[in-house]
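# Descriptive structure summary
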Amino acid sequence: LLLGSGCDSGELYNAVRDGLSDDELCDVAEFYDYLEIVPTGNFEYYVESGYVNSMDDLVAINKKIIEIGEMTSKPVVAVSDAHYAHKDDIVRRKIVMQHLGYVDYNNQPLLSMRTTDEMLAEFSYLGEDKAYEIVVENPNEIVEKVDDLFPPIETEITYDADIKELVDLTYKKL
């Protein structure tokens, strides 16, 4: 089980945004196996709502998380914070958001999966080497730490038996 620090709802992101000291941020980061940063465009609404002053503040948050990663020797990974697979799925998300009562349902950031090149472009402000490290190298390092966990598939599948088998396999791995 590996724990990442999460996106804007995560404890570390909030601690950085709220201006905690480096020592406090390192204490928060120690709990996690790796730290996450997210494309700044995902949180433009922070600027629009006045929660931060500018897009530069969002860049500064990501850079601070990278700095805390270096101070704590925790790998920092770039995540897209994808909520759906394809860009055109944003239409479906808007419908769901409207149904749930969000008044800003029509002003949603693009939260689709992104290609490596798209992610490298998102983090180009870090420089080519650092962007490659957090988009490609560090995520691959995380993947190498994870064992494959595929439940065996029988010819006849029953839902209850499969769930029990998956739970048993999970506890065995733990």
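Bear in mind the structure is a predicted one, so any value in this text is a computation, not a measurement.

## Remarks on unusual backbone geometry
Although it is not a glycine, S73 adopts a positive phi angle of roughly 60 degrees. Note that S73 resides in the loop between α4 (55-72) and β2 (76-78). One non-glycine residue, D81, lies in the positive phi region at around 60 degrees. Counting through the fold element by element, D81 comes out in the loop between β2 and α5 (90-99). Residue D81 is classed as buried on the basis of its relative accessible area of 17%.

## Digging into the pattern of salt bridges
Under the defined criterion, the tally for this structure stands at eight salt bridges. Between D18 and R17 there is a salt bridge whose closest N-O contact spans 3.8 Å. Across the pair E133 and K130 runs a salt bridge whose closest N-O atoms are separated by 3.3 Å. Taken as a pair, E133 and K130 lie in helix α7 (residues 128-144) at a separation of three residues, close to a single helical turn. Here the residues in one salt-bridge network are D22, K64 and E67, joined through shared partners.

## Here we look at helix α2 (residues 22-29)
Those residues of α2 lying buried are L25, C26, V28 and A29. One side of α2 holds all its buried residues, which, seen down the axis, span an arc of 160 degrees. Every exposed residue of α2 that faces more than 90 degrees away from the buried side is listed here: D23 and D27. Those residues of α2 hidden inside the fold are in contact with α1 (11-17), β1 (35-37) and α4.

## Thoughts on a nonpolar patch on the surface
There is a patch of nonpolar side chains on the surface, built from L1, L3, F31, I163, V167, Y171 and L174 and spanning about 810 Å² of accessible area. On the basis of relative accessible area, I163 is assigned to the partly exposed category, the value being 37%.

## Observations regarding the nonpolar core
Judged by nonpolar contacts, the single largest core of 30 residues is most densely connected at L12, L35, I37, I65, F123 and I134. Listed by contribution, the elements that provide at least two residues to this core are α1, α2, β1, α4, β2 and α7. Apart from residues lying up to four places away in sequence, I134 is in contact with I37, V76, V77, A78, F123, L126 and P139.

Rules and cut-offs
- Chains are numbered independently. Their residues run from 1 in the order of the written sequence.
- Restriction of local features to residues with pLDDT of at least 70 applies here, the model being predicted, together with a cutoff of 80 or more for giving and counting side-chain atom pairs; totals for whole chains, interfaces and linings are based on all residues.
- To obtain the side-chain values, all non-hydrogen atoms of the structure were included, while hydrogens and water were left out.
- By definition, any uninterrupted DSSP run of H or I lasting at least four residues is a helix, any uninterrupted run of E lasting at least two residues is a strand, and each is numbered from the N terminus.
- Note on classification: 1.4 Å probe, protein chains only; a residue is buried when its accessible area is under 20% of the maximum for its type, exposed when over 50%, partly exposed between these limits.
- What counts as a salt bridge is simple: a side-chain nitrogen of Lys or Arg found within 4 Å of a carboxyl oxygen of Asp or Glu.
- Of all possible arcs, the one meant is that of the directions from the helix axis to the C-beta atoms.
- Contact definition: two residues touch when any of their heavy atoms are within 4.5 Å.
- Think of a patch as exposed residues, more than 30% relative accessible area, with no salt bridge, where like charges cluster within 9 Å and nonpolar side chains (Val, Leu, Ile, Met, Phe, Trp, Tyr) cluster within 5 Å.
- Methods summary: accessible areas were calculated by the Shrake-Rupley approach with a probe of 1.4 Å, and residue burial reflects only the protein chains presented.
- For this analysis, a nonpolar core means a set of buried residues of the types Ala, Val, Leu, Ile, Met, Phe, Trp, Tyr and Cys, connected via side-chain atoms within 4.5 Å.

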